[in-house]
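A closer look at the structure
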Amino acid sequence: GLPSPLPPSHHRIDYSTVASSIAGSQRPDAAAMAEATTKVKGFAEAWAERKDRLNATVNDSAFGRFFQMAARNTNLTQELRAGIVCFLTVAYIIPVNSGILADTGGSCDPAVSCNAERYEMMGDLCKFDDPLTNPEWAQCIQEMKSNLISATCIASAIGTFLMAFIANFPVAVAPAMGVNAYFAYTVVGFMGTGRISYDAALAAAFVEGLIFVFITVVGLRAVFMELIPRNLLYATATGIGCFLAFIGLQKSEGLGIVTYDGATLVTIGGCLPTERVHMYSMSDDSAYWHDLCWRAWRDNLTSTDLSCGTCAKARAYFFDDLGMAPPIDLVTACQSDVFSFAPDGNIAPDVQLGLPARSSNYGCLSGSKLRSATMWLGIMGGMLMVLLMIRKFNAAILTGILFITFISWIPTDSNAATYFTSHSEVPGGEQRYEYFLKGATVPDVSMSGGKLDFGALSNGETWIALITFLYLDFMDATSTMFAMASLIHERLPGFLDKKGAWPRQTLTMVVDGVSIVVGSCLGTSPLTVFAESGVGIREGGRTGVTAAVVATGFAISMFLAPIFASIPPYATGPAIIFVGALMFEHARHINWLDTRTAIPSFITIIIMPLTYSIAYGIIAGIIVQIFLWLFCWLLEYWDALVKKDRTLRHVWLNNTDMFYRILNKEDVLIADLPGYKPRTVFDERTEASEDFHVENPAHVAFPRKPKQPTEGDSSNSSNVDAKLVDMSNVV
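Residues numbered from 1 in each chain as written. Predicted model: local features only at pLDDT ≥ 70, side-chain atom pairs only at ≥ 80, totals over all residues. Heavy atoms only, no water.

**Notes on the packing of aromatic side chains**
Inspection of every chain in the model, using the stated rule, returns 26 aromatic pairs. Both rings, one in Y182 and one in F469, keep their centres 5.6 Å apart while their planes meet at 85°; by these two values the pair is edge-to-face. On the criterion of sequence distance, the pair formed by Y182 in helix α9 (residues 179-188) and F469 in helix α19 (residues 460-491) is long-range, its members being 287 residues apart. Its relative accessible area of 0% is what places Y182 among the buried residues. A relative accessible area of 0% means that F469 is categorised as buried. Seen from their ring centres, W633 and W652 are 5.6 Å apart, and the 45° between their planes marks the pair as tilted. Of this pair, W633 sits in helix α26 (residues 614-643) while W652 sits in helix α27 (residues 648-655), and the two are 19 residues apart along the sequence. Residue W633 is classed as buried on the basis of its relative accessible area of 13%. (Phe/Tyr/Trp six-rings, centres within 6.5 Å; stacked < 30°, edge-to-face > 60°. Helix = DSSP H or I, 4+ residues; strand = E, 2+ residues; numbered from the N terminus. Buried < 20%, exposed > 50% of the residue type's maximum accessible area, 1.4 Å probe, protein only.)

**Section: the nonpolar core**
Core analysis: the largest hydrophobic core is formed by 125 residues, its most contacted members being Y92, F169, M177, L472, W502 and F554. A total of 15 residues in this core trace back to one element, the largest contributor, which is α19. Once you skip the residues sitting within four places of it in the chain, F169 turns out to touch M163, M481, M484, A485, I488, F495, W502, T508, T543, G544 and A547. (Core = buried A, V, L, I, M, F, W, Y, C linked by side-chain atoms within 4.5 Å. Contact = heavy atoms within 4.5 Å.)

**Regarding the side chain of N115**
Examined against the element boundaries, N115 turns out to sit in the loop between α6 (110-113) and α7 (116-122). A polar contact of 2.9 Å, which involves the side chain of N115, links it to the backbone nitrogen of E117. (Polar contact = N/O pair within 3.5 Å; in protein donor to acceptor, adjacent residues only side chain to side chain.)

**Digging into unusual backbone geometry**
In this chain, P326 is followed by P327 through a cis amide linkage whose omega measures -5°. Mapping P327 onto the fold places it in the loop between α14 (312-321) and α15 (330-338). For N73, which is not glycine, the phi dihedral falls at a positive 55°. Structurally, N73 can be placed in the loop between α3 (62-66) and α4 (76-90). Unusually for a residue other than glycine, N168 sits at a positive phi of about 55°. When you line up the elements, N168 lands in the loop between α8 (135-167) and β1 (173-175).

**Some remarks on α15**
Those residues of α15 that fall on the buried side of the exposure criterion are L330, A333, C334 and V338. Projection of α15 onto a plane perpendicular to its axis shows the buried side chains occupying an angular sector of 100°, all on one side. One side-chain oxygen at the N-terminal end of α15 lies 3.2 Å from the backbone nitrogen of V331; it belongs to D329. (Arc of directions from axis to C-beta.)

**Thoughts on the pattern of salt bridges**
Two side chains with opposite charge may pair up if their charged atoms get near one another. As enumerated under the stated definition, the model contains eleven salt bridges in all. Residue R53 pairs with E49 through a salt bridge whose shortest N-O separation is 3.5 Å. With R53 and E49 both in helix α2 (residues 15-60), this residue pair falls four residues apart, about one helical turn. You can call R53 partly exposed: its relative accessible area is 46%. (Salt bridge = Lys/Arg side-chain N within 4 Å of Asp/Glu carboxyl O.)

**Quick word on the environment of G189**
Checked against the element boundaries, G189 lands in the loop between α9 and α10 (198-217). G189 sits 84 residues away from G105 along the chain, and the two C-alpha atoms are 9.0 Å apart.

**Looking at a nonpolar patch on the surface**
A surface patch of nonpolar side chains, about 920 Å² in accessible area, is lined by F214, V217, V218, L220, F224, L227, I622, I626, W629, L630 and F659. When residues of the nonpolar patch are traced back to their parent elements, those giving at least two are α10, α11 (220-227) and α26. The biggest single contributor to the nonpolar patch is α26, with four residues. Relative to the helices and strands, W629 is located in helix α26. (Patch = residues over 30% accessible without salt bridge, like charges linked within 9 Å, V, L, I, M, F, W, Y side chains within 5 Å. Areas by Shrake-Rupley, 256 points an atom, 1.4 Å probe, with all protein chains shown as cover.)

**Some remarks on the state of the cysteines**
Counted under the stated rule, the structure contains five disulfides. Note that C108 is cross-linked by a disulfide to C140, the S-S spacing being 2.0 Å. Measuring the twist about the S-S bond at about -105°, one finds the C108-C140 disulfide to be left-handed. With C108 in the loop between α5 (93-102) and α6 and C140 in helix α8, this residue pair connects regions lying 32 residues apart in the sequence. (Disulfide = S-S within 2.5 Å.)

**A few points about α14**
Residues spaced three or four apart along an α-helix face the same direction, because each turn holds 3.6 residues. Burial in α14 covers these residues: A314, Y317, F318 and F319. All buried residues of α14 project into a common sector of 165° when viewed along the axis, lining one side. Facing away from the buried surface of α14 by more than 90 degrees, the exposed residues are D320 and D321. Where α14 ends, the next residue or the one after it, G323, has phi of about 75°, a positive value.

Have a look at this one:
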């Protein structure tokens, strides 16, 4: 039953006593809060006073005068904050660059680093083995990646320190995204299957850096800048962004969303390791002999006259070339005359021995797509990057990488997206975990540093790579430097002069070239000014102090190679895609309304990812641009002769105006070319968005004689105006 009620004295409440008690207890709390608020306010004011005093002292010191902090309206604490934010933004390049360059194989030699049995069986093709089949080769690649992490950190630290103390420019210098992809996948190729070796590519980068310094010092940089059509400059940057995004969508350095398909070349992926079908490449001749000899062994064809319908090639080889008489023992003939070495040391005929190299690309079995846990984790991290960027959060890329990485580092069997243990979707998880537990190591560049092969400069392919390096770095560095200087100019009017030059401009460009030389000696691809440096500038960076803070961050990171080497590709893949998306911003500076600039730009952009080559895209764009320029030039000469609406000199000036500007003869264009407007450095980024149509791509539209309407012509001006009015009403 219910308990007996309490006596009245126990449940009677004296509300006045409670109220007094509460009021009494509130008074000391309110006083304490007021006292605490006063203390906090006093501490904040004292801290602000000390900070202002520190900033004023530093600005008046030799340190402040060296970095021109007072002249650039900045202070120490503002520069430190900007440097920290900038480093957090660009730190993703450490794992990304090392991962991309490690795909070349670096200085790993299959004869030394491969499993002995696999090398004896496959030769150099053993470098395409997976880690489970050939763990020795996987270990070499892992060590090479660690060396490249150290090389990336050391080279970036040196280049950024030079930028701080010589150029006094608040930017980070690191291996250029896009150029490193060209270096890895076009020049050296995946596991060294490209045009030249890793050592030769480093030598090309070294010489390219020296040339870059030379053309900067002698003043040829401005001349070359005028010769390159602006639309191709922006198209190249956009195409590299598309190329990077394509890399990030694949499995090797990305998410594995895009995979191989035998019919359509590419398709959607994301399947589990047990549901992947890898591609094996073999020539038609090799496939023919493998199939014929396998059927001979299966059917025990010890006596045959090769009368089958598919035996024509075999009859020609055995009977005509070798002079055998039918019938023959095909099993023995295959062993002695097909899969054996000829006197010259070659296989006779040219047949692939053993299983062909397995491609890193794969297809997915039907109905097994979009099931990979690593892919979905990478997508989630990529979406986090985008959301943080929308919220104007600094270090959005780094935060996304860390989010994916920390989850992938959970070494449990229940974590399907783990990068460690034997349950990882990426083979070699146990070895990676052992290396990760080392934590910090002494920087080592023994496998990447000093590996320059200058003897390869006698090879034409090396010079093609060198010129392309020079072109890419020239465009990337010049446009990025100007963009960073423009950001400072917006916040510090007068930083740019009327010609678009900034203080110590030549030294800034020289440091960029010297950084390339330093990077090549350490074993990494060409360095350049990072566009992400704009984050630090937006945070308040104005001087080299910001760059010095970034360089310090790189210097500390060189001791953490095991940590950075354990960042999975599905963590850096979204970052690569994101950077590629940001590079598409350059496309808005292209005049897409003018066919003569739109087509070369489109060809440049689309060829890069579809041929997996930045160089091919550049070459294709330049060829199309030159062809259209010459063709339109001839047409304008013809129009001038037939219609007589302009002089031949006008046509000449209209199509060669860039050369007059290079030679400082723009006054000739102003005087002799009707309608010509003098150009400034700021016109280039705005001319594509002008609200008037330029009929001639060379900046001048000559007046045309109006077409005289004929009687009954429905296309007269009044009808056209009426149609325009009606359409505007509809809109």
